[in-house]
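So the chains spell out like this:
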Amino acid sequence: MLSDFLSSNRQTILARSHREVTALSILAANPEAWNQGLPEVYDHLIPALQHVAKFGTPSSEESDKAKAILRGEKMLRLGLTVSQVMHGYRTICLAITEVAREQSFAISNGEFNVINRVLDIAIGEAVTAYAELHDGLAHKAETLRLGSLAHELRNALTNVTLAHIMIRDGMVGARGETNAV
């Protein structure tokens, strides 16, 4: 059974995934950031495969989605790009198939479909959370920028308004420094 294979080869597969993430030039900027998430994703595969073996269908628990969302947010905070997130998940699948091939362990089509489904869902949820958080941060930055611009405009308009009032009321001459404002 694949879940037993994954449990007994956890260290080997995670080490292979770690080396792959480190070797990929697209992930080289911060491979350690991604390697922090590899065990979480990997450990999600085993219960998913056990659920399929027991019930015949993949699990669709909300806790899985919540964990994937947290991983996506964590990856953004670690400075990873969407491309790096996608490649990081792919390394797990590659490591599993390589280690299985090396040990002559046959992965059934059904089990491989479960692995792909779990990873696809994890990728989708992580990337969605990543994008939502990224967009939220971009929106917040834009709001702060516009707030700063509004503040500066308000300061300039206040100066102009006060200068106009002073000239209109005859407090200062129309050709002086106040008129220049």
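What counts and what doesn't
Residues numbered from 1 in each chain as written. Predicted model: local features only at pLDDT ≥ 70, side-chain atom pairs only at ≥ 80, totals over all residues. Heavy atoms only, no water. Helix = DSSP H or I, 4+ residues; strand = E, 2+ residues; numbered from the N terminus. Buried < 20%, exposed > 50% of the residue type's maximum accessible area, 1.4 Å probe, protein only. Contact = heavy atoms within 4.5 Å. Areas by Shrake-Rupley, 256 points an atom, 1.4 Å probe, with all protein chains shown as cover. Axes fitted to C-alpha atoms, helices over the stretch in contact; angles between N-to-C directions. Parallel < 35°, antiparallel > 145°, perpendicular 65-115°, else oblique. Left-handed = near helix turned anticlockwise from the far one by under 90°. Nonpolar A, V, L, I, M, F, W, Y, C, P; charged D, E, K, R; others polar. Polar contact = N/O pair within 3.5 Å; in protein donor to acceptor, adjacent residues only side chain to side chain.

> Please give an account of the overall build of the chain that cites residues and values.
A tally of regular secondary structure across the chain gives eight helices and zero strands. Here the chain, with 181 residues, has 33% of them falling under the buried criterion. A separation of at least 24 residues holds for 76% of the contacts in the chain among residues at least 6 apart in sequence. Accessible surface for the chain amounts to roughly 10,700 Å². Of this, 58% is attributable to carbon and sulfur atoms.

> Hey, could you go over the packing of helix H4 (residues 38–55) against helix H7 (residues 109–168) for me, with residue numbers and the actual values?
As a packed pair, H4 and H7 sit with axes 10 Å apart at the nearest point and diverge in direction by 135°. As the angle between them shows, H4 and H7 are arranged oblique. As H4 runs across H7, the sense of the crossing is right-handed. Residue-level inspection shows Val 41, His 44, Leu 45, Ala 48, Leu 49 and Val 52 of H4 in contact with H7, the latter providing Glu 111, Val 114, Ile 115, Val 118 and Leu 119. Residue composition of the contact of H4 with H7, grouped by class: nine nonpolar, one polar and one charged.

> Please give an account of the packing of helix H2 (residues 10–23) against helix H6 (residues 82–102) that cites residues and values.
Running from N to C, H2 and H6 point in directions that differ by 130°, and their axes come no closer than 8 Å. Accordingly, the angle class assigned to the pair H2 and H6 is oblique. The two elements H2 and H6 cross, and the hand of that crossing is right-handed. From H2, Thr 12, Ile 13, Arg 16, Ser 17, Glu 20 and Val 21 reach across to H6, where they touch Gly 88, Thr 91, Ile 92, Ala 95, Ile 96, Glu 98, Val 99 and Glu 102.

> Can you explain the side chain of Arg 16? Please cite residues and give values.
Looking at where Arg 16 falls in the secondary structure, it is placed in helix H2. You can call Arg 16 buried: its relative accessible area is 16%. At a separation of 2.9 Å, a polar atom in the side chain of Arg 16 contacts the side chain of Glu 102. Apart from residues lying up to four places away in sequence, Arg 16 is in contact with Ala 95, Glu 98, Val 99 and Glu 102.

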